[in-house]
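Structural description and commentary
Listed below, chain by chain, are the residues.
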Amino acid sequence: MTDEYKRIMWTQYELFCLKQSNYGPDNISVGTDLKTHADIKLAMQGLWFRMNDKVQRLKQLVVLNKVDLVAESVQDTLSDLSVYGIIGQIVKNKKWGK
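Each residue is numbered by its place in its chain's sequence as written, counting from 1. At least 70 in pLDDT is required for a residue's local features to be given in this predicted model, at least 80 for side-chain atom pairs to be given and counted, and no such filter applies to totals for whole chains, interfaces and linings, which use all residues. To get the side-chain values, take all heavy atoms of the structure and skip hydrogens and water.

Moving on: helix α4 (residues 74–92). The helix count covers DSSP runs of H or I at least four residues long, the strand count covers runs of E at least two residues long, and both are numbered beginning at the N terminus. What a helix is expected to span follows from its residue count: subtract one and scale by 1.5 Å. In this model, α4 (19 residues) spans 27 Å end to end at C-alpha, consistent with the 27 Å of a helix rising 1.5 Å per residue. Listed as buried for α4 are T77, S79, D80, L81, V83, Y84, I87, G88 and V91. By the convention used here, residues are in contact when the closest approach between their heavy atoms is within 4.5 Å. Looking at the buried side of α4, the elements it contacts are α1 (2–23), α2 (26–29) and α3 (37–63). Looking at the residues trailing α4, positive phi occurs at K94, about 60°. Exposed residues in this analysis have more than 50% of their type's maximum accessible area, buried residues have under 20%, and partly exposed residues fall in between, with area computed by a 1.4 Å probe over protein chains only.

Below, the discussion takes up the packing of α1 against α4. Packing of α1 against α4 brings their axes to within 10 Å, and their N-to-C directions diverge by 75°. When the axis of α1 is compared with that of α4, the two are roughly perpendicular. Mapping the contact onto sequence places Q12, L15, F16 and K19 in α1 and S79, D80, S82, V83 and I87 in α4. Note that Gly is not counted as nonpolar here; it falls among the polar residues with everything else outside the nonpolar set of Ala, Val, Leu, Ile, Met, Phe, Trp, Tyr, Cys and Pro and the charged set of Asp, Glu, Lys and Arg. Residues that form the contact of α1 with α4 fall into these classes: 4 nonpolar, 3 polar and 2 charged. In this analysis an axis means a line fitted to C-alpha atoms, helices contributing only their contacting stretch, and an angle means the value between N-to-C directions, from 0 to 180 degrees. Orientation is classified from the angle alone, with under 35 degrees giving roughly parallel, over 145 giving roughly antiparallel, 65 to 115 giving roughly perpendicular, and any other angle giving oblique.

Read these as spatial facts, not as claims about activity.
Put into structure tokens, the structure is as follows:
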């Protein structure tokens, strides 16, 4: 179990690095320097919306048993949620983009 946890964590790290290469840090910081409470709140609200999208996606796939039409699996959705959770912690720790 712990080996699988580490394997998943490493996969998540690789996904994070690839997506950051595509998006850059401004997609989360919304172009701010994240120095004020308002900037951090804005970033966290953006993460909340992204995570809510993923939770709604998970609901469609798992709870409502909807057919996947866009090739985003339950695994992909869980992975995105996990990465967003870590990004939120980085933002709250004032380390985003540094």
